[in-house]
Amino acid sequence: MGKGKSKVVCGYPLSIFFIVVNEFCERFSYYGMRAVLVLYFKYFLRWDDDLATSIYHTFVALCYLTPILGAIVADSWLGKFKTIIYLSIVYAVGQVAMAVSAIHDITDSDRDGTPDSMTFHIVLSMVGLFLIALGTGGIKPCVAAFGGDQFGEHQDRQRRTFFSVFYLCINGGSLLSTIITPVLRAQECGIYSKQKCYSLAFGVPAALMVVALVVFIIGSGMYYKAEPQGNIMLDVCKCIGFAIKNRYRHRSKQYPKRQHWMDWAEEKYDKLLIAQIKMVLKVLFLYIPLPMFWTLFDQKGSRWTLQATTMDGNFGALVIQPDQMQTVNPILILTLVPIMDSLIYPLIKKCGLNFTPLKRMTVGMLLAAIAFVCAALVQIQIDVSTKQLLHSSPYILSGQGFIYFKLTIKGKANSDSTTVHNTDKATFTLRSGSQSCEYSTNFGFGSSYTFFIHSTLVFGSNCQDSVTAVEDIKPNSVHMALQIPQYFFITAGEVMFSVTGLEFSYSQAPSNMKAVLQAGWLFTVAIGNFIVLIVAELAKIPKQWAEYVLFASLLVAVCVIFSIMAYFYTYIDPTEIEAQFKKKINEDDEDDKSKPGKAEVEMVKRDSIKCHDEYDKATQTKM
Ligand SMILES: N[C@@H](Cc1ccccc1)C(=O)N[C@@H](Cc1ccccc1)C(=O)O
């Protein structure tokens, strides 16, 4: 049975339906907006590449820092339900602000198609982004934990399935939106003049966020809503501070040692709180090596996309843009999660292997390292077939009797006047006054040509013989399909690492700190992104393949450390520990009433021993 007032369907509380639909819409909103954000900065706000990239990464980092704020508010003050509602409103307002900021007509008083007051658009979009970061980050740890809360104590299997379905919804939403919003952006719209429709590309995610909120509110009557238990974070900080101070005060050898340094808080703090803090600290300690996984994972959007720009994206009927390769990730997630859950994990279990969450996460890290080895091999392949500069323009300038122009065949979505996109064949019209002729030829993806137009050119229907095309840069010859193995391994790693870690963070957290541990998990993502920025700045490795190998080796090293830490980790059942503590505390209260006058110091010792026994009993399983 679930915990709320919800009906149960096939063993699952109906309330989780509203939570997963909410997540689907919210992730559509977030990833959809993110997909066109850099282009909005560059082409609407007219920022240069560097400013656009920095603001983009700052925004993403902020989205993974704000979960801490949301978790504190939820666990100590408003509870998860109200926090999700209030922050979703903030989030939707932010998305609407973004959509409004992208309406060029608002400040286009001279009706020339460009905004007259860029300050208005910049300020509104920055306010919008800040609200979105607050909203998306703030609700992120609450929604996952709130979903987990809907399950009863003996519904571990159902809760695990919920986290998998939750992950599928994230990827379903993000896949759809990363396909749809770029298409919306490419439309033209406007009142006075037609421009690229960023307002629609932001408006649809805004609408989806409103839908997410409405769906969540509709489920309201069915949810189990755990009450917040006071300012728990403040209590935790004070308790840790007291333990450290007290330990320092009793550093002399005359004082007997205690089992755990947190036990030095026993004189002043509730033993249940101390036990809960021990649980959280154990998990947080285990999180230390995790950012390295995200450091590799998040390079899909940067290094791997750049790698794709040097590859051939022609898939016959379909020409894939370098940035579109990223959709391979959610597509693979949608395939791999069900395969893992219904085939691979049960098969491993049948073989008698205990594939615990921490073992899965270790394997996930190794798979990510393999993905980077694959990326390095692809890079070597690209380098071998490196484009050579066959001719250079100054040489051409010294030629006689020619006029020339250069043409670059790009795989990117931006354009300049002599850039042709993703085409095998292009036709040019050469004009002189009223006379013209056509020249057409085949081009390779990523190539660059200089065209010599003979001064003897005679205009007619065909000027094929009067133009000579010289290949400056060879076309990309390594096919983008070669990136699929690296995407496969990183996504398989993500399924093992991220889906498992999400559930692990929930199951190992004490009842009053579920959202806080979810936020801790997301904080590892923020640190991972930060490492990408630092490494990109500091390690200027000339060979890209070597950088990939460096990242793979670093992750393997971190993985070894993590597996040692995981080996010594003992799984706990927080609900059981908390129940036993509460029972003991009640018993002791009864005892105290019947035996007045016992020395306080003796009580502390006795309680401490009992509590350790309870804690030890509930922490038996290793890695
Ligand atoms: N696989 C990603 C979603 C994605 C979609 C399109 C391009 C890239 C990624 C995913 O499932 N994300 C989850 C979990 C996550 C992963 C990385 C960092 C933070 C969270 C999400 O909640 O967005």
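Nothing here was measured: the structure is a model prediction, and the numbers come from that model.

**Remarks on the site of the ligand**
Part 1 of the argument: What surrounds the ligand is a group of 14 residues, the closest being Y31, K140, N171, N329 and E494.
Part 2 of the argument: Here an oxygen atom of the ligand sits 3.4 Å away from a polar atom, N or O, in the side chain of Y167.
Part 3 of the argument: Surface burial for the ligand is 94%, taken as the share of its 520 Å² of free accessible area covered by protein chains.
Part 4 of the argument: Those elements that place two or more of their residues in the shell around the ligand are α1 (15–44), α4 (156–186), α8 (291–297) and α10 (328–350).
Part 5 of the argument: For the shell around the ligand, the residue count by class is eight nonpolar, three polar and three charged.

**Some remarks on the state of the cysteines**
Here a disulfide denotes a covalent bond joining the sulfur atom of one cysteine to the sulfur atom of another.
Part 1 of the argument: Applying the stated criterion to the full structure yields one disulfide.
Part 2 of the argument: Between the sulfur atoms of C189 and its disulfide mate C197 the distance is 1.9 Å. On the sign convention where negative means left-handed, the S-S torsion of about 100 degrees between C189 and C197 marks this disulfide as right-handed.
Part 3 of the argument: Among the cysteines around C25, which has no disulfide bond, C169 carries the closest sulfur, lying 9.3 Å off.
Part 4 of the argument: The buried category is assigned to C25, whose relative accessible area is 5%.

**Structural notes on the pattern of salt bridges**
Part 1 of the argument: Tallied over the entire structure, the rule returns nine salt bridges.
Part 2 of the argument: One network of salt bridges, with partners in common, ties together D156, R159 and E503.

**Overview of a positive patch on the surface**
Part 1 of the argument: A grouping of K238, K245, R249 and K268 is seen on the molecular surface, where their side chains present a positively charged patch.
Part 2 of the argument: Within the secondary structure, K238 is located in helix α6 (residues 232–249).

**Considerations on α10**
Part 1 of the argument: With 23 residues, α10 should cover 33 Å at 1.5 Å per step; its first-to-last C-alpha distance of 31 Å lies within 8% of that length.
Part 2 of the argument: For α10, the principal kink sits at M340 and spans about 50 degrees.
Part 3 of the argument: Three or more residues of α10 are buried, namely V328, N329, P330, L332, I333, L336, V337, M340, Y345 and I348.
Part 4 of the argument: Buried residues along α10 sit in contact with α4, α8, α11 (357–384) and α13 (484–507).

**Quick word on the packing of α11 against α13**
Packed helices, taken two at a time, are described by the angle between their axes plus the distance between the axes.
Part 1 of the argument: As a packed pair, α11 and α13 sit with axes 7 Å apart at the nearest point and diverge in direction by 160 degrees. Overall, the two elements α11 and α13 adopt an arrangement that is roughly antiparallel. Remark: the crossing between α11 and α13 carries left-handed chirality.
Part 2 of the argument: A class-by-class count of the residues in the contact of α11 with α13 yields 20 nonpolar, five polar and one charged.

**Digging into the environment of L208**
Part 1 of the argument: Within the secondary structure, L208 is located in helix α5 (residues 198–218).
Part 2 of the argument: Relative accessible area serves as the criterion here: at 18%, L208 is assigned to the buried category.
Part 3 of the argument: Residues L208 and F24 lie 184 residues apart in sequence; the distance between their C-alpha atoms is 9.2 Å.
Part 4 of the argument: With residues near it in sequence (within four places) discarded, L208 still touches C25, F28 and S29.

**As for the packing of α10 against α13**
Part 1 of the argument: Running from N to C, α10 and α13 cross one another at 60 degrees; their axes reach a closest spacing of 9 Å. The pairing of α10 with α13 is recorded here as oblique in orientation. Crossing handedness for the pair α10 and α13: right-handed. Residues V328, N329, L332, I333, L336, V337, M340 and Y345 of α10 touch α13, and the partners they reach there are Y487, F488, T491, A492, E494, V495, M496 and T500.
Part 2 of the argument: In the contact of α10 with α13, the residues fall into 12 nonpolar, three polar and one charged.

**Brief notes about the nonpolar core**
Part 1 of the argument: With 148 residues, the main nonpolar core has F59 and F202 as its most contacted residues.
Part 2 of the argument: Of all the elements, helix α2 (residues 49–101) adds the most residues to this core, at 16 residues.
Part 3 of the argument: In terms of domain composition, this core takes at least three residues from each of domain 1 (1–230) and domain 2 (234–269).
Part 4 of the argument: Other than its neighbours up to four places away in sequence, F59 contacts Y30, M33, R34, L37, L129, I132 and A133.
Part 5 of the argument: In terms of nonpolar packing, the next biggest core, distinct from the first, is built from 12 residues, F428, I453, L457 and V467 among them.

**A few points about the side chain of K300**
Part 1 of the argument: Note on placement: K300 falls in the loop between α8 and α9 (303–309).
Part 2 of the argument: Salt bridges are absent for the buried K300, whose nearest opposite-charge side chain, D298, sits at 4.9 Å.

**Section: the packing of aromatic side chains**
Part 1 of the argument: Inspection of the entire model under this criterion finds 38 aromatic pairs.
Part 2 of the argument: Each residue in the set Y12, F151, F162, F163, F166 and Y506 is aromatic and connected to the rest through ring pairs, giving one cluster.
Part 3 of the argument: Against the face of F81 rests K225, its NZ or CZ located 4.2 Å from the ring centre.
Part 4 of the argument: The lysine or arginine in question, K282, covers the ring of Y569, its NZ or CZ lying 4.8 Å from the ring centre.

**With respect to a nonpolar patch on the surface**
Part 1 of the argument: Residues L62, L65, I68, I72, F130, F523 and I527 make up a contiguous nonpolar surface patch of about 520 Å² in total accessible area.
Part 2 of the argument: Sorting the residues of the nonpolar patch by element identifies α2 and α14 (514–538) as the ones contributing at least two each.
Part 3 of the argument: Among the elements that line the nonpolar patch, the one with the most residues is α2, at four residues.
Part 4 of the argument: Mapping I68 onto the fold places it in helix α2.

About the criteria used
- Residues numbered from 1 in each chain as written.
- Predicted model: local features only at pLDDT ≥ 70, side-chain atom pairs only at ≥ 80, totals over all residues.
- Heavy atoms only, no water.
- Near = heavy atom within 4 Å.
- Polar contact = N/O pair within 3.5 Å; in protein donor to acceptor, adjacent residues only side chain to side chain.
- Areas by Shrake-Rupley, 256 points an atom, 1.4 Å probe, with all protein chains shown as cover.
- Helix = DSSP H or I, 4+ residues; strand = E, 2+ residues; numbered from the N terminus.
- Nonpolar A, V, L, I, M, F, W, Y, C, P; charged D, E, K, R; others polar.
- Disulfide = S-S within 2.5 Å.
- Buried < 20%, exposed > 50% of the residue type's maximum accessible area, 1.4 Å probe, protein only.
- Salt bridge = Lys/Arg side-chain N within 4 Å of Asp/Glu carboxyl O.
- Patch = residues over 30% accessible without salt bridge, like charges linked within 9 Å, V, L, I, M, F, W, Y side chains within 5 Å.
- Lys, Arg positive; Asp, Glu negative; His and termini not counted.
- Charge placed at Lys NZ, Arg CZ, Asp CG, Glu CD.
- Expected span 1.5 Å × (residues − 1).
- Bend = angle between axes of the 7 residues up to and from the residue.
- Contact = heavy atoms within 4.5 Å.
- Axes fitted to C-alpha atoms, helices over the stretch in contact; angles between N-to-C directions.
- Parallel < 35°, antiparallel > 145°, perpendicular 65-115°, else oblique.
- Left-handed = near helix turned anticlockwise from the far one by under 90°.
- Core = buried A, V, L, I, M, F, W, Y, C linked by side-chain atoms within 4.5 Å.
- Domains from an automatic or database assignment.
- Phe/Tyr/Trp six-rings, centres within 6.5 Å; stacked < 30°, edge-to-face > 60°.
- Lys NZ or Arg CZ within 6 Å of the ring centre and 35° of its normal.

Read these as geometric descriptors, not functional statements.
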